[in-house]
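So you can see what is in the structure, the chains are spelled out below.
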Amino acid sequence: MGARIRSIIPMWWSVAPLTIGNPTYAYLTQPCLIAEVLSPATEATDRREKLLAYQQLPSLKEYLLVSQEQPKVELYRRRDEEEWWLETYEAGETILLKSLNMALPLAVVYEDL
């Protein structure tokens, strides 16, 4: 059985730039970051179907996959309209979330496990 991930980001969490009008709507329709906690039942879908679908969202800059099995995070980052780069972070490293202008130590994600 995998480790329980500290709930600093729910598995459906997405963030959107502040917009005039209805900011709640923007969070749902124009996310700049989507984070998924991988589970054995959904991992294949998160890596294939969801990844391909999310890459079609013009607002999305980063897609974060968080492992439950080990301290490991995979970050798909938009380089340009056509190209995405994969960055992998493991124990002791810090995730740079450019879409939020934030550095997130992996130890914080897996804290208290």
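Structure first, text after, so check above.
Note that residues are indexed from 1 along each chain, following the sequence as it is written. Given that this is a predicted model, residues contribute local features only at a pLDDT of at least 70 and side-chain atom pairs are listed and counted only at 80 or more, while totals for whole chains, interfaces and linings are drawn from all residues. The basis for the side-chain values is all heavy atoms of the structure; hydrogens and waters are excluded.

Help me understand the nonpolar core in this model?
One recurring pattern in soluble globular proteins: nonpolar side chains tend to sit buried together. By convention a nonpolar core is built from buried Ala, Val, Leu, Ile, Met, Phe, Trp, Tyr and Cys residues, the set being connected through side-chain atoms within 4.5 Å. Categorising residues by exposure relies on relative accessible area from a 1.4 Å probe, with only protein chains included: less than 20% of the type maximum marks a residue as buried, more than 50% marks it as exposed, and the intermediate range marks it as partly exposed. Residues Leu-64, Val-66, Val-73, Ile-95 and Leu-97 are the most contacted members of the largest nonpolar core, which totals 14 residues. Segments assigned H or I by DSSP are reported as helices when at least four residues long, segments assigned E as strands when at least two residues long, and all are numbered from the N terminus. Every element with two or more residues in this core is listed here: strand 2 (33-37), strand 3 (62-66), strand 4 (72-78), strand 6 (94-97) and helix 3 (106-109). A total of 3 residues in this core trace back to one element, the largest contributor, which is strand 2. Only heavy atoms enter the contact rule, under which two residues are in contact if any of them lie within 4.5 Å. When sequence neighbours within four positions are dropped, the list of residues in contact with Ile-95 reads Leu-64, Val-73, Leu-75, Tyr-89, Met-102, Ala-103, Leu-104, Leu-106 and Val-109. Core analysis: the second largest hydrophobic core is formed by 9 residues, Ile-34, Tyr-54, Tyr-63 and Trp-84 among them.

Would you mind showing me how to read the pairing of strand 6 here?
For a regular strand, side-chain orientation follows a simple rule: the groups alternate between the two sheet faces. On strand 6, burial follows the alternation: Ile-95 and Leu-97 on one face are buried, whereas Thr-94 and Leu-96 on the facing-out side are not. One requirement defines pairing of two strands: DSSP has to find at least two bridges between them. As judged from the 4 bridges shared by strand 6 and strand 7 (residues 102-105), these two strands associate in the antiparallel manner. Bridge pairing in strand 7 links Ile-95 to Leu-104. Hairpin remark: strand 6 followed by strand 7, antiparallel, with 4 residues in the connecting loop; positive phi at Asn-101, about 50 degrees.

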